[in-house]
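Here are the chains, one letter per residue:
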Amino acid sequence: MNPMNQVKNISNGLPFLKMHGLGNDFVIIDARGAESPVTQQMARAIGERHFGVGYDQLAVLTDSLDADVDVAFWNSDGSTADACGNASRCVARLIMDETGDSSIVLRTGNGLLPAVDAGDGLISVNMGHPQLTWDTVPMSEDVDLNALPIEGAPGAAGMGNPHCVFVVDDAEGVNLETRGPAIEHHPLFPQRTNVEFIEIKNRNTIRMRVWERGGMITLACGSGACAAAVVAHRKGLTERNVTIHLDGGELNIDWRDNGVWMTGPTALVFQGHLSPEFLAGI
Ligand SMILES: N[C@H](CCC[C@H](N)C(=O)O)C(=O)O
């Protein structure tokens, strides 16, 4: 799936792949050998679930100078993100299948991410070190990242993107539709934030639900799971290696000395083709 000519000349339409990681779904456009054709308007149009294809995130692949591939991430509202864990696993799977390598490197907005084939259909990605200072999450002021001045004293951490993590007694009972947007747009987060609600099952197990920046509930959020594991450990609630149960399934998160490793499955659903008519109408 590397139709350079079609990316260079999208008048014939544009192929894409539909993939997901635990139900967090992606459109993946391979623009290697060319410039990315994706604009904010195009990202919104493709992400529209009724008039477009629909996705949680759009991942665009381009040639890299220092990694196997460069990956850019868009949300369906047209905003961009420097991290997307579930999509990073999916792209790593694509590159491994293409090259036959079981260890590759992705370049994302959060830097170089090593990825390895973990066997049994699983991919492990080193999502890097968390951002743990107020100005790198980023926050709008210097606050205690282990207990923000917000009701519920959530924690915050960056994984290339911002996360606000609430510890709750009952994750199932959280009204994501109301609490999510209120925190996504909270003034303490100048670039908005992803919002995770976690229930600690034991020191190695977390139940997590998520409202993502960009304005949607997703079935899973890889960078969010990494941030949740970091915040829970910093609050003294869990070990550094935890299993996180999301609506779409489970991820293993292991906060090691060289970064936060996330392990989970990937799925290729179909290869599609954006029609010339659709693209001309954007
Ligand atoms: N679903 C993604 C997170 C996307 C983050 C995006 N919503 C943002 O930071 O704006 C993941 O698996 O990490």
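Before reading on, note that the structure itself is shown above.
Sequence order sets the numbering: in each chain, residues are counted from 1 along the sequence as written. Two thresholds apply to this predicted model, a pLDDT of at least 70 for residue-level local features and 80 or more for giving and counting side-chain atom pairs, whereas whole-chain, interface and lining totals are computed over all residues. Derived side-chain values reflect all non-hydrogen atoms in the structure, with water molecules and hydrogen atoms excluded from consideration.

This part is about the overall build of the protein chain. Secondary structure assignment for the protein chain yields 6 helices and 17 strands. Taking 282 residues into account, the globule formula puts the C-alpha radius of gyration at 19 Å, and the protein chain, at 18 Å, falls close to it. Along the longest, intermediate and shortest principal axes, the C-alpha atoms of the protein chain span 55 × 40 × 30 Å. Here's how the labels work: a residue is buried when its accessible area is under 20% of the maximum for its type, exposed when over 50%, partly exposed in between, all with a 1.4 Å probe on protein chains only. Among the 282 residues that make up the protein chain, the fraction classed as buried is 54%. When contacts within the protein chain are restricted to residue pairs at least 6 apart in sequence, those whose partners lie at least 24 apart make up 62%. The Shrake-Rupley method, run with a 1.4 Å probe, gives the accessible areas here. Residue values count only the displayed protein chains as cover. Split by element, the accessible area of the protein chain, about 11100 Å² in all, is 48% carbon and sulfur. In this count, Lys and Arg are taken as positive residues and Asp and Glu as negative ones, while His and the chain termini are left out. For charged residues, the charge sits on one atom: NZ in Lys, CZ in Arg, CG in Asp, CD in Glu. Seen as two clouds, the 19 positive and the 35 negative side-chain charges of the protein chain have centres 2 Å apart. Helix and strand assignments come from DSSP, with helices taken as H or I runs of at least 4 residues and strands as E runs of at least 2, each series counted from the N terminus. Here the radius of gyration uses the C-alpha set of atoms, whereas the globule reference equals 2.2 Å times the residue count to the power 0.38. Note on contacts: a residue pair is in contact if any heavy atoms of the two residues lie within 4.5 Å.

What follows deals with the pairing of strand 6 (residues 103-108). Side-chain alternation along strand 6 places I104, L106 and T108 on a buried face and S103, V105 and R107 on a face that remains uncovered. Paired strands, as defined in this entry, are two strands with at least two bridges between them according to DSSP. As judged from the 2 bridges shared by strand 4 (residues 69-75) and strand 6, these two strands associate in the parallel manner. By the bridge assignment for strand 6, D70 is matched with R107. Of the strand pairs in this sheet, strand 6 and strand 7 (residues 111-119) are connected by 6 bridges, and their pairing is antiparallel. Of the residues in strand 7, the one forming a bridge with I104 is A115. Connecting the antiparallel pair strand 6 and strand 7 is a turn made up of 2 residues.

Any residue with at least one heavy atom within 4 Å of a molecule or strand is counted as near it. Within the structure, the ligand sits among 15 residues, and G85, E212, R213, G222 and S223 are positioned closest to it. E212 places a side-chain nitrogen or oxygen 2.7 Å from a nitrogen atom of the ligand. Throughout this description, a polar contact denotes any pair of N or O atoms lying within 3.5 Å of each other; where both atoms belong to protein, one of them has to be capable of donating a hydrogen while the other can accept it, and for residues adjacent in sequence the pair is counted only when both atoms sit in side chains. G222 has a polar backbone atom sitting 2.7 Å from an oxygen atom of the ligand. For the ligand, whose unbound accessible area comes to 360 Å², protein coverage reaches 100%. Lining residues are those with an atom within 4 Å of a point, where the points come from a 1 Å grid over the protein atoms alone and group into cavities, where a 1.4 Å probe fits but cannot get out, or pockets, open sets with protein on both sides within 12 Å along at least five of seven lines. Molecule-in-pocket calls rest on the fraction of atoms, with more than half required to lie within 2 Å of the cavity or pocket grid points. In a pocket analysis with a 2 Å cut-off to the grid points, the ligand is assigned to the largest cavity. Elements supplying a minimum of two residues to the shell around the ligand: helix 3 (85-99) and helix 5 (222-234). Here the shell around the ligand is composed, by residue class, of 4 nonpolar, 9 polar and 2 charged. For this classification, Asp, Glu, Lys and Arg are treated as charged, while Ala, Val, Leu, Ile, Met, Phe, Trp, Tyr, Cys and Pro are nonpolar and the rest, including Gly, are polar.

What follows covers helix 2 (residues 40-47). Taken together, the buried positions of helix 2 are M42, A43, A45, I46 and G47. On the buried face of helix 2, the contacting elements are strand 1 (14-21), strand 2 (24-30), strand 3 (57-62), strand 4, strand 17 (267-274) and helix 6 (276-280).

Counting residues in hydrophobic clusters, the biggest one holds 51 residues, and the most contacted among them are I28, V91, M208, I244 and I253. With 8 residues, the top contributor of residues to this core is helix 5. Apart from the residues lying within four places of it in its own chain, the contact partners of V91 are I28, A59, L61, V69, V71 and L106. For the purposes of this section, nonpolar cores are sets of buried Ala, Val, Leu, Ile, Met, Phe, Trp, Tyr and Cys residues that join through side-chain atoms within 4.5 Å. Core analysis: the second largest hydrophobic core is formed by 19 residues, V137, M139, V143 and F197 among them.

Grid points are joined across faces, edges and corners, and a volume is the space filled by probe spheres set on the points. One pass over the structure, following the stated rule, counts 1 cavity of 30 Å³ or more. Reported here for the largest cavity is a volume of approximately 100 Å³. As for the largest cavity, its lining consists of 16 residues, of which Q57, A83, N161, E212 and S223 are closest to the centre. Every element with two or more residues in the lining of the largest cavity is listed here: helix 3 and helix 5. Residue composition of the lining of the largest cavity, grouped by class: 4 nonpolar, 10 polar and 2 charged.

As far as function goes, none of this settles anything; it's purely spatial.
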